[in-house]
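Survey of secondary and tertiary structure
Spelled out from the first residue to the last, the chains are:
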Amino acid sequence: MTEASVKRRSWALWLPLVVFGLFAALFLWGLVRTKDDTVPSRLVGRPLPAFDLPAATDGKPGLKHADLADGKPRLLNVFASWCIPCAAEAPQLARLAAAGVEVEGVAIRDHREDLAAFLQRNGNPYHRIGADDLGKLQIAIGSSGVPETYVIDGKGVIRYQHIGDITPDDVPRLQAKLKEAGQ
């Protein structure tokens, strides 16, 4: 064997170890770096699109853009009766409504009777509930799923987006964002 073939052969023996080391370093970097699970919305700071949703349930009016631009900040909650986290956040929405927060709802791809049963089981903190049967408004406001909650200022501008269910720890943050939106 020549000296060149011996060097090539020794390099070939080390190559799998080098590749493994690179993968291990990448894995460890993923474990130790700080997790950032916020999803920044490009629509925060922009007005809601024009919309006019029919009533999703009996006893509550539908929802249109003008309802959210009447000078009063409020929450816009995107939810569905088939959504388990939506049921989990119901006590927090009730708590916010009891504190005087106006909560508007958008029911995504839902059936009237299922929605009525959901509201009967979990309470109804909503001032209005619009039916978004095709998910067009959901897409237009940048919602990626249910539940999501938006703070809307009195001019109909999105000021904050909360992704996922509202936990008890989230209530003070939402109240602070509503206060900011009212100034």
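Refer to the structure printed above.
Presented here is a report on the structure given in the accompanying data block.

Cut-off values and rules
Residues numbered from 1 in each chain as written. Predicted model: local features only at pLDDT ≥ 70, side-chain atom pairs only at ≥ 80, totals over all residues. Heavy atoms only, no water. Axes fitted to C-alpha atoms, helices over the stretch in contact; angles between N-to-C directions. Helix = DSSP H or I, 4+ residues; strand = E, 2+ residues; numbered from the N terminus. Parallel < 35°, antiparallel > 145°, perpendicular 65-115°, else oblique. Left-handed = near helix turned anticlockwise from the far one by under 90°. Contact = heavy atoms within 4.5 Å. Polar contact = N/O pair within 3.5 Å; in protein donor to acceptor, adjacent residues only side chain to side chain. Buried < 20%, exposed > 50% of the residue type's maximum accessible area, 1.4 Å probe, protein only. Arc of directions from axis to C-beta. Disulfide = S-S within 2.5 Å.

What follows deals with the packing of helix H2 (residues 84-98) against helix H5 (residues 171-181). For the pair H2 and H5, the least separation of the axes is 11 Å and the interaxial angle reads 40°. Taken as axis vectors, H2 and H5 run oblique relative to one another. Considering the relative orientation of H2 and H5, their crossing is right-handed. On H5, the residues touching Gln92, Arg95 and Leu96 of H2 are Val171, Leu174 and Gln175.

Considering the arrangement of structural elements, one finds Asp132 in strand E5 (residues 126-132). Among the polar contacts made by the side chain of Asp132, one reaches the main-chain amide nitrogen of Leu137 at a distance of 3.1 Å. Beyond its immediate chain neighbours, meaning those up to four positions away, Asp132 contacts Leu53, Val106, Ala107, Ile108, Arg109, Leu137 and Gln138.

It is worth spelling out H5 at this point. For H5, the set of buried residues is Val171, Leu174, Leu178 and Ala181. The buried side chains of H5 occupy one side of the element, clustering within an arc of 85° when seen end-on. Residues of H5 that are buried make contact with strand E3 (74-79), H2, strand E6 (148-152) and strand E7 (158-163).

With an omega of -5°, the peptide bond between Val146 and Pro147 qualifies as cis. Here Pro147 is to be found in the loop between helix H4 (136-140) and E6. Phi is positive for Arg109, close to 40°, though the residue is something other than glycine. Along the polypeptide, Arg109 turns up in the loop between strand E4 (103-108) and helix H3 (112-122). For Arg109, a relative accessible area of 43% puts it in the partly exposed group.

Looking now at the state of the cysteines. For the structure shown, the criterion picks out one disulfide. Sulfur-sulfur distance for the disulfide between Cys83 and Cys86 comes to 2.4 Å. Handedness of the Cys83-Cys86 disulfide follows from its S-S torsion of about 85°: it is right-handed. Each of the two residues, Cys83 as well as Cys86, counts as buried.

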